[in-house]
Amino acid sequence: MSAQPAYKRILLKLSGEALMGELGFGISPPVTSFLANEIKAVVEAGVQVALVVGGGNIFRGEPLAKAGMDRITGDQMGMLATVINALALQDAIERSTGLQARVQSAIRINEVCEDFIRRKAVRHLEKGRVVVFAAGTGNPFFTTDSAAALRAIEIGADLMLKATKVDGIYTADPKKDPAATRYDTVTYDEALSRRLGVMDQTAMVLCRDNKMKLCVYDMDRPGALMKIVMGDRSFGTYVD
Ligand code: UDP
């Protein structure tokens, strides 16, 4: 492990559920503040950080459609939910760390946040601001995992990270199968063929075809993000 970060620019994907903590719904301020401080440490180490946040703690299109709603309207509600989460993260980052943050949305909501403009996002990152990409890809039928893959590629991230509740990718669900073992590394082709449930297939194919390396790690472990950006490969599973 060197004293210099191993990555210059990262994209971190947080699910909506990651923000709700013990609440079961909505946004937990202690959780957003914890995440903000984990991010602060890596920004201060010289790493540029972009975030993509999901909306599953508020709305998801598919279950809304199953309950009888028009799917596209449900997906639009899901995308708006991600904007709410992005605003909460922007607030937590600015108020609990003193860093600057900017939300950029894939759908126009100009009174609330900036539009997604790639060159502007990169400029913010170069100035040490945290950019939070909201509203997924801006299109129904996609997920925020796909949005994260897309944005990571667009901004030229050196690593995409997916924060989860487990410390990597397992051969089977470790909660259900005690014999499940954790992968240190796995290829996208293997993850796809074994249906390892890392991310949806669209996101994985996008990463594979554009050579975007992914690290799946346990977001609840304090300091894990910092260790990873410093090149410690004992945290999480790497996919490439
Ligand atoms: N969504 C969408 N297009 C996108 C990204 C998201 O329509 O490009 C909608 C979709 O309904 C999804 C919801 O937004 O269910 C919330 O996103 P996601 O389920 O990916 O959130 P997460 O599971 O990460 O919290």
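All values derive from a computational prediction rather than experimental measurement. (Residues numbered from 1 in each chain as written. Predicted model: local features only at pLDDT ≥ 70, side-chain atom pairs only at ≥ 80, totals over all residues.)

### Quick word on the site of the ligand
Then step 1. Gly54, Gly56, Gly61, Gly78 and Gly136 are the nearest of the 24 residues found near the ligand.
Then step 2. Secondary-structure elements contributing two or more residues to the shell around the ligand are α2 (61-66), α3 (71-97) and α5 (144-154).
Then step 3. Here the element with the most residues in the shell around the ligand is α3; it accounts for six residues.
Then step 4. Grouping the amino acids of the shell around the ligand by side-chain chemistry returns five nonpolar, 14 polar and five charged. (Near = placed C-beta within 6 Å. Helix = DSSP H or I, 4+ residues; strand = E, 2+ residues; numbered from the N terminus. Nonpolar A, V, L, I, M, F, W, Y, C, P; charged D, E, K, R; others polar.)

### Some details on the nonpolar core
Then step 1. Counting 74 residues, the largest nonpolar core has Ile10, Leu51, Val132 and Met160 as the members making the most contacts within it.
Then step 2. Sort the elements by how many residues they give to this core and α3 lands first, with eight residues.
Then step 3. If we skip the residues at most four places from it in the chain, Leu51 touches Leu12, Leu14, Leu89, Val130, Val132 and Phe133. (Core = buried A, V, L, I, M, F, W, Y, C linked by C-beta atoms within 7 Å. Buried ≥ 20, exposed ≤ 12 C-beta atoms within 10 Å, placed from the backbone. Contact = placed C-beta atoms within 7 Å.)

### Notes on the UniProt feature "binding site: ATP" (unreviewed entry) in the protein chain
Then step 1. The residues that UniProt annotates with the feature "binding site: ATP" (unreviewed entry) are Lys13, Leu14, Ser15, Gly16, Gly56, Arg60, Thr164, Tyr170 and Asp173. With the annotated positions falling across 161 residues, the maximum pairwise C-alpha distance of 25.5 Å shows that they are not confined to a single cluster.
Then step 2. When you line up the elements, Leu14 lands in strand β1 (residues 9-14).
Then step 3. Judged by the 26 C-beta atoms lying within 10 Å of it, Leu14 falls in the buried class.
Then step 4. Apart from the residues lying within four places of it in its own chain, the contact partners of Leu14 are Leu19, Leu35, Leu51, Val53, Gly54 and Ala163. (UniProt positions renumbered as here; feature names shortened; annotations may be inferred.)

### Overview of helix α4 (residues 118-126)
Then step 1. All of the buried residues along α4 are Ala121, His124 and Leu125. One face of α4 carries all of its buried residues, which in axial projection span an arc of 100 degrees. In α4, the exposed residues that point more than 90 degrees away from the buried face are Arg119 and Glu126.
Then step 2. The secondary structure elements touched by the buried residues of α4 are β1, β2 (48-53), β3 (101-105) and β5 (130-134). (Arc of directions from axis to C-beta.)

### Considering the UniProt feature "binding site: UMP" (unreviewed entry) in the protein chain
Then step 1. This chain's UniProt record puts "binding site: UMP" (unreviewed entry) on Gly55, Asp75, Thr137, Gly138, Asn139, Pro140, Phe141, Phe142, Thr143 and Thr144. In summary, the annotated positions, though distributed over 90 residues, converge in three dimensions, the widest C-alpha pair being only 14.1 Å.
Then step 2. Summarising the element assignment, Asp75 is placed in helix α3.
Then step 3. Under the C-beta neighbour-count criterion, Asp75 is labelled buried, with 24 such atoms within 10 Å.
Then step 4. The residues contacting Asp75, other than those within four sequence positions of it, are Gly61, Pro140 and Phe141.
Then step 5. Here Thr143 is to be found in the loop between β5 and α5.

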